[in-house]
Amino acid sequence: HLYCISVCFLLDGYSVSDCGCLRYRWIYAYAEMLVSGERIHLYHRSAGGVRGIHFSSPDTALSFPSSQILVNCDLFPKEFSIVLTLKVSDGAPKVKEQHSQKTRVKSDGRLILGLKFSGKRLHFLYKGHRGVVEHWVFRGTQLADSQWHTLVLAIGSHHVKLTVDCSSPVEIIPSRPFPSDLNIQGSRFHIGSRGLWKGLFSGLLRQLVLVPGSDATHQICPSSDPQLAALSVPPLFLDLPATGTEDDRHGNTYETEARVSVGLEKSCSEQLQGQLWFNPLKKGLYLCDGTVWNTVLEDRKRLDYVLEHQVLTTSSETHDIELFQVPGMGLMAAMAHRSASGSAVYLWTKTGFQLYQNISTNGALAWRHFSMGNKVRFNKDSQADFSVIYKWSKRRKRFVQFQTLQTHCARDWEAFNIDGHTYLAVANHRQGDKNHTIDSVIYRWNRLSKSFEVHQMLQTSGAYDWEFFTVGPYYFLVVANAFDGVTTSLDSVIYIWVNGNFQVFQKIKTFCATDWEMFQIDSRVFLVVANGHRLHGNGPSQYTINSTIYELDMSAQLFVRFQDIVTYSAVDWEFFSLGQEYFLVVANSFNGESYSLNSILYRWQGYEGFVPVHWLPTIGCSDWEFFSAKGESYLIYSSAKAPLSKVFMLKTY
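An account of the accompanying structure is given in this report. (Residues numbered from 1 in each chain as written. Predicted model: local features only at pLDDT ≥ 70, side-chain atom pairs only at ≥ 80, totals over all residues. Heavy atoms only, no water.)

1. Quick notes on the state of the cysteines
Tallying each qualifying case throughout the model produces two disulfides. There is a disulfide in this structure between C166 and C221, and the S-S distance comes to 2.0 Å. Classification of the bridge connecting C166 and C221 rests on its S-S torsion, roughly -80 degrees, and on that basis the disulfide is left-handed. In this pair, C166 sits in the loop between β10 (160–164) and β11 (170–172) while C221 sits in the loop between α2 (217–220) and α3 (246–250), placing the two residues 55 residues apart along the sequence. Overall, C166 belongs to the partly exposed group, its relative accessible area being 26%. Residue classification places C221 among the buried residues on the basis of a relative accessible area of 16%. Two residues share a disulfide in this structure: C268 and C288, whose sulfurs sit 2.0 Å from each other. (Disulfide = S-S within 2.5 Å. Helix = DSSP H or I, 4+ residues; strand = E, 2+ residues; numbered from the N terminus. Buried < 20%, exposed > 50% of the residue type's maximum accessible area, 1.4 Å probe, protein only.)

This is the structure:
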């Protein structure tokens, strides 16, 4: 694979298929050595409360095979960025270029790729056409001034760009582009030096990150502190108390020594403040703040395999599952059953879900749980022209009918709060058999009448789902428009809250949209749509189509296409995380011939987006929900074509 990682490198000692970060490499190198019982001295220096690593001597632990980072990759990415934050004294000796390596990849004694600093110049070298080393030089960078600087070197197909402290970039147009076939088999990364005194970097290094496939400048710039603009700084460097004066930041430094001890149990005290402890059982590295041990690095839960845990026989086919917690009771699940015999509420026990209450329904389509204060309430959708709100009775320990609202084949309810007020949004699917372009309604809780009242009407076309989400101070509501009576190729609409009402923010073309799921990974905001099928007029339906993930472009203030995933009449997406891993699971319901097919679990792989990792057999899958109980993680799915639901346990290691 040419692009096999996204924003950062792999952490040593973690699963080779998962993304970690090169910037932690020098810290974790010490943690690895501790397993043998050695005591390691890790030196750091600080100027005005800003920490960086200081290479007090050459160390072979800072050299490691490139295969530990670029797993299953024989070629180096042809487009990438290097982000580094450093501090070099203005009194540093002037040395020859070959004696001032910063980062390089080397194989069989020959340079493959390197980044070097010398005097007022930054050098980027790589093995080019026919093995000839290409040498690009950025002059006049003025880095040796005893101040911190953050650099972003961005390598593109036909340009090289250097940005220092978020200022205007310096650009080079090379005569030859960076090679797309730079072979790194058998190579090693060297940080700071090649394990030799000759060429040892004498400054401070705070941040070092490789970002394949993109220009990382926009990820850290603009910045309120451009000299210390951070993409990701190791936790060990973040919590040092500021000392001295402002001049310290640019001039004087002081040095501390952090000793690392090994053991299964160790108390943190004032005498141990600033000391490191490695727990080999937890595979964790911790820093003492004088009271408690703070995590620097720790092994995380990682998905190993999926195990069928419970087959739940239901009274009929199920369109929707809603999971929720009731104080004093625990985890519950409400299922919207197709039959007229009612819908069931289940309670989670040691052996799985057990029937707790049956609620009278007829053709129920969805449930939505919400709370106001300490009151727990439910909304039920049905194919009838009304929906019902149920309220939890503490005395009876049952849900009892609270309010009835007129709806039109309602497919979904969404509950949300804005400025202290509670709102409900209903997705009215159709009125009668043919009229799909109708109003869906936003209701607002009236504290005086103690009921929900109409607040706003929004025109929709065969509305199937609402999704409410926030980005910073902004409130959004997106509708999945499925069918207008003629075609499924429609605009689904994202609304934004302005002056007490929702206004159109963006329209996105969808194909029988049945579900929207919003999720965040770090600071990135995504929306994924489940597209059901393509249909126009009396033509045939196409069930094998793309569902799409969109990412919010902060600068353009629009959601833009990020990734297409082939799905089979998808009706639901569920996002969840396990430790530092992120997942999406899709409800595939029909491929044009059969309802028995795999629903697929995808894992976030950074630059590659979401990749399939598990195939789960389902029958007419209508919904997925993720939940955790007693330290274990689970998925449950409902079937719209068989009277059963299944619970899967997610086994981790």
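2. Description of the sheet that holds strand β40 (residues 581–588)
Judged by pairing direction, the sheet is antiparallel, and its four strands sit side by side in the order β39-β40-β41-β42 without closing on themselves. Among the strands making up the open sheet, the edge pair consists of β39 (570–578) and β42 (610–619). The sheet shows a mean angle of 20 degrees between the axes of neighbouring strands, direction not considered. Sheet topology note: the β39/β40 ladder contains eight bridges and is antiparallel. Bridge pairing in β40 places L578 opposite E581. (Pairing = 2+ DSSP bridges. Axes fitted to C-alpha atoms, helices over the stretch in contact; angles between N-to-C directions.)

3. Points about the nonpolar core
Counting 38 residues, the largest nonpolar core has F76, F80, F124 and F178 as its most contacted members. Elements with a contribution of two residues or more to this core: β4 (80–87), β6 (110–118), β7 (121–127), β8 (133–139), β9 (148–155), β10, β12 (188–191) and β13 (204–212). (Core = buried A, V, L, I, M, F, W, Y, C linked by side-chain atoms within 4.5 Å.)

4. Quick look at the environment of F469
Summarising the element assignment, F469 is placed in strand β31 (residues 463–471). When the C-alpha atoms of F469 and I496 are compared, they prove to be 9.8 Å apart, with 27 residues separating the residues in sequence. Ignoring sequence-local partners within four residues, the contact set of F469 consists of Y474, Y475, F476, V478, M518, L527 and F559. (Contact = heavy atoms within 4.5 Å.)

5. Some words on the environment of E551
Summarising the element assignment, E551 is placed in strand β37 (residues 544–553). Taking the relative accessible area as the measure of exposure, E551 reaches 16% and is therefore buried. Taking the C-alpha atoms as reference points, E551 and V528, 23 residues apart in sequence, are found 8.7 Å from one another. In contact with E551, other than residues within four places in its own chain, are R524, V525, F526, L558, F559, V560 and F562.

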